Amino acid sequence: MKVASIYRRGFDLLSLGVGVLIGCFLVSLTYVTMYKSDMLATMASQMSKADAYSWISQQIDFCGLLLFLFYNLLETDSESKPRCNHGSAASYLCENSETIETARVSSSAGSEIPSQRNEFSASETTRASSPADGKEQSAKLPCDPDSVGCTINNGSKDAFSPPPTSVDVHRSQVPVKSSAWKSDPAEFDTKPMCDTSSHRCDLCDIHGDIRIITGKDSPSVLRVTDSSSTDHQSWQVKPYARKWDHGVMGYMKPVTVRSTADTAATPRCDVTHAVPAVVFSMGGYVGNHFHDFTDVLVPAFQTARQFDGEVQLVVARLNRWWMNAKYGPYFRKLSRYDAIDLDNDARVHCFERAIVGLRADADLMIDPAKSPMGYTMSDFRQFMRSTYGLNRDFALKLAEQTEKKPRLLMIARSGSRKFMNADHIVKLAEKLGFEVVVTEGALDLAEFSQTVNSCDVMFGVHGAGLTNMVFLPTNAVVIQVVPFGGHEWIASTYFGNPATGMELHYLEYTITADESSLTELYPRDDPVFTDPKSIHKLGWVKMGEIYLDKQNVRLDLDRFRPVLEKALDLLRK
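Here's what I pulled together on the structure shown here. As the structure is a prediction and not an experimental result, all values here were calculated from the model. (Residues numbered from 1 in each chain as written. Predicted model: local features only at pLDDT ≥ 70, side-chain atom pairs only at ≥ 80, totals over all residues. Heavy atoms only, no water.)

1. Some remarks on the overall build of the protein
Rule in force here: The helix and strand labels rest on DSSP assignments: H or I over at least four residues marks a helix, E over at least two residues marks a strand, and numbering proceeds from the N terminus. Accessible area is worked out with a 1.4 Å probe on protein chains only. A residue is then buried under 20% of its type maximum, exposed over 50%, and partly exposed in between. We call two residues in contact when some of their heavy atoms are within 4.5 Å.
The helix and strand inventory of the protein stands at 17 helices and 16 strands. Every one of the 573 residues in the protein was classed for burial, and the buried ones make up 57%. The contacts in the protein between residues at least 6 apart in sequence include a share of 77% that link residues at least 24 apart.

Listed below in structure tokens is the structure:
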């Protein structure tokens, strides 16, 4: 593709992307000014400030979506990137989370996890490309010439230096290893390099003379050994933490992991690194806020945090916008080195240790017994607080701070599963003593994380927006409103149990049929109301179309009031 080839020759992708975003917004504004002047008059005379902000936000969202699609076009070239496989049982987890609305990749796709805005950050983009930070967006070589991170074997030095970040000014106290990753390679000659027992991801922890051979068609990780006994070890590993989901894993290209004693046929090293490598994929459902955390961010923390930044990330299906802009602070804290593009780097990288795949347990949960450093989700949340400069470690203690009002964050939605009586819910919460913050999210994740961290209670309808509970202070309260239709197990599994593991209080409120907008679409004797299990048996697509795409919520305030009162009681203890 021509535009992709221009990019590879060094075109300033970041500047062009920012230009596309600004241009799109200006075109929208010009159109309204010239052809919709009556709408401007209406906005000036009738539209509230909040509605005006909402309209402007929608225009920015649209432009941001165009920019996201533009970046993916360049990064993936002509190869299509699967978002969802609607024949899979996991297809309900798929949505395009580049906008706050629950717009789907396919209009027929069922989804349990809704979209969450928290996307493109102009400030992050500027920081990622600023010459003052010492990093150009087009830099490809993952080496700092002033560090021992790697050596270019042709004798030249890499011009790239890892960028500082304004939020990464201090180390978190999460346990780390320093040089403990180094070991005697002979110890591993008789051990299998890969463990395929996990239902989430195959994991290969390889020590010795390791060559990572890049290439979109057949990337491979080769361990060179003197022992002929290991010459025939070989695995095909798909390094994405959703192994059980055969639908999405069908789109993943495997990485060949093997050992050889044939040194004559071994490719020479182009770049030799003095730090270990972690190899994983950004394919699959990445781009959905829930899956960003469950499939990449939490597993990458489990796998790479132990090296305290001295680790080289090697990424298949690399999306540099997603990595450098959207989650730039996170990845710059996780690794001091620019990521290597496993598909397009075209060099042989050599390491003394490489981990292929990511350690992963249940969604938004970490089993400390399986973690090499005994990590927990509390450690992950501490890492995120340090990364994004979040100051509140604990929620408000009402028994000790009686003069303060607890802050309640209401996650609003403008698509499906929205609150139809949001104003009345806010008035009820304020009457009970809450200071209420209503938001659909923010374009800047660093900014929005500050908002979440400032609150003591967060509540919303089941969806990806609840993933932001990772930014809440310890002992805060999460209230999940479960839509009608038999979703209690899913709600508890994906958010209820994880909330407890994050040292948060969890409350669940399941709406009745009377609180559902489905009463306006179906008669009361329809199986939608009388037999929800029969609807689930029709498959995720049909179930999602009915219970998730078409359903909004009108809370019974008398019935919901005790839940808010319980949240206050928890803050008093």
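2. Examining the side chain of H289
In plain terms, the rule: Whenever two N or O atoms come within 3.5 Å, that pair is a polar contact, provided that in protein one can donate a hydrogen and the other can accept it, and provided that, for residues adjacent in sequence, both atoms are side-chain atoms.
Structurally, H289 can be placed in helix α7 (residues 289-304). A polar side-chain atom of H289 sits 3.1 Å from a polar atom in the side chain of N468.

3. Considerations on the packing of helix α11 (residues 422-432) against helix α17 (residues 557-572)
Here is the rule: Interaxial angle, 0 to 180 degrees, is taken between N-to-C directions of lines fitted to C-alpha atoms, where a helix line uses only the stretch in contact. Oblique is the label for any angle not covered by the other classes, which are roughly parallel (under 35 degrees), roughly antiparallel (over 145) and roughly perpendicular (65 to 115). By convention, the crossing between two helices is left-handed when the near helix turns anticlockwise from the far helix through less than a right angle, and right-handed when the turn is clockwise. The classification used treats Ala, Val, Leu, Ile, Met, Phe, Trp, Tyr, Cys and Pro as nonpolar, Asp, Glu, Lys and Arg as charged, and all other residues, Gly among them, as polar.
At their nearest, the axes of α11 and α17 sit 10 Å apart, and the two run at 40 degrees to each other. In terms of orientation, α11 lies oblique with respect to α17. α17 is crossed by α11, and the crossing has right-handed handedness. Of the residues in α17, those in contact with H424, I425, L428, A429 and L432 of α11 are L557, R561, L564, E565 and L568. Its residues placed into classes, the contact of α11 with α17 shows 7 nonpolar, 1 polar and 2 charged.

4. Here we look at the pattern of salt bridges
For side chains bearing opposite charge, pairing can occur when the charged atoms are close. Filter applied, for reference: For salt bridges, the criterion is a side-chain nitrogen of Lys or Arg within 4 Å of an Asp or Glu carboxyl oxygen.
Inspection of the entire model under this criterion finds 23 salt bridges. The salt bridge involving R347 is made with D345; its shortest N-O contact spans 3.0 Å. Here R347 falls in the buried class, since its relative accessible area comes to 16%. Between E515 and R559 there is a salt bridge, with its nearest N and O atoms 2.7 Å apart. With E515 in the loop between β16 (505-510) and α14 (527-530) and R559 in helix α17, the pair connects residues that are 44 residues apart, well separated along the chain. If you follow the salt bridges from partner to partner, you end up with R200, R242, D245, D295 and D363 in one network.

5. Let's talk about the layout of surface pockets
If a probe the size of a water molecule is rolled over the atoms, the empty space left behind becomes visible. What counts, and what does not: Using only the protein atoms, space was sampled on a 1 Å grid; points where a 1.4 Å probe fits but cannot get out form cavities, open sets with protein on both sides within 12 Å along at least five of seven lines form pockets, and lining residues are those with an atom within 4 Å of a point. Grid points are joined across faces, edges and corners, and a volume is the space filled by probe spheres set on the points.
Taken as a whole, the second largest pocket spans an internal volume of roughly 410 Å³. Residue assignment for the lining of the second largest pocket shows that the elements contributing at least two residues are β2 (194-195) and β3 (203-213). In terms of residue count, β3 provides more of the lining of the second largest pocket than any other element does, 3 residues in total. Among the residues forming the lining of the second largest pocket, the class breakdown is 8 nonpolar, 5 polar and 6 charged.

6. Quick look at the pairing of strand β4 (residues 220-224)
The test is simple: In this description, strands pair whenever DSSP reports at least two bridges between them.
Taken across its 5 residues, β4 has 5 buried, putting it largely inside the fold. Here β4 shows no split at all, with S220, L222 and V224 on one side and V221 and R223 on the other all buried. Summarising the sheet, β3 and β4 pair through 5 bridges and their orientation is antiparallel. By the bridge assignment, D209 is partnered in β4 with V224. With antiparallel pairing between neighbouring strands as the criterion, β3 and β4 make up a hairpin whose turn holds 6 residues, including G215 at a positive phi of roughly 150 degrees. Sheet topology note: the β4/strand β6 (residues 255-260) ladder contains 5 bridges and is parallel. Paired with V221 across the strands is V257, a residue of β6.

7. Notes on the side chain of D345
By secondary structure assignment, the location of D345 is in the loop between β10 (340-341) and β11 (348-356). For D345, a relative accessible area of 14% puts it in the buried group. In this structure the side chain of D345 is engaged in a polar contact, spanning 3.0 Å, whose partner is the side chain of R347.

8. Here we look at the sheet that holds strand β15 (residues 477-482)
Two strands in a sheet stick together by hydrogen bonds in their backbones, pointing the same way (parallel) or opposite ways (antiparallel). Strand order across the open sheet formed by 5 strands is β13-β12-β14-β15-β16, with parallel pairing between neighbours. Bordering the open sheet on either side are β13 (435-439) and β16, each of which pairs with just one other strand. Put simply, the sheet's adjacent strands are angled 20 degrees from each other on average, direction ignored. Relative to β16, β15 is paired through 6 bridges, and the arrangement is parallel. Along β16, the bridge assignment pairs V482 with T510. Here helix α12 (residues 445-453) sits on the sheet in contact with β12 (407-411), β13 and β14 (457-461), set at roughly 130 degrees to β12. The strands touched by helix α13 (residues 488-501) within the sheet are β15 and β16, with β16 carrying the most contacts at an inclination of about 165 degrees.

9. Concerning the state of the cysteines
Cysteine pairs can be linked by a disulfide, which is a covalent bond between their two sulfur atoms. Filter applied, for reference: Note on terminology: pairs of cysteine sulfur atoms within 2.5 Å are recorded as disulfides.
Inspection of every chain in the model, using the stated rule, returns 2 disulfides. The disulfide partner of C194 is C204, and the S-S distance across this bridge is 2.0 Å. Looking down the S-S bond of the C194 and C204 bridge, the torsion is 105 degrees, so its handedness is right-handed. Here C194 is found in strand β2, whereas its partner C204 is found in strand β3, with 10 residues between them in sequence. Looking at the unpaired C201, the closest cysteine sulfur is the one in C204, lying at 8.7 Å.

10. Some remarks on the nonpolar core
Note the following rule: Residues enter a nonpolar core if they are buried and are Ala, Val, Leu, Ile, Met, Phe, Trp, Tyr or Cys, with the set joined through side-chain atoms within 4.5 Å.
Within the largest apolar cluster, 109 residues are counted, with the highest numbers of intra-cluster contacts made by Y330 and F331. Sort the elements by how many residues they give to this core and α7 lands first, with 8 residues. Discounting chain neighbours no more than four positions away, the residues touching F331 are F280, M282, V296, L297, L313, W322 and M323. Judged by nonpolar contacts, the second largest core, of 20 residues, contains C194, V314, A316 and I340.

11. Structural notes on the pairing of strand β5 (residues 234-237)
In β5, alternate side chains face the same way, and those of W235 and V237 are buried while those of S234 and Q236 on the opposite face are not. By the bridge criterion, 4 bridges tie β5 to β6 in an arrangement that is antiparallel. Bridging across to β6, W235 finds its partner in V257.

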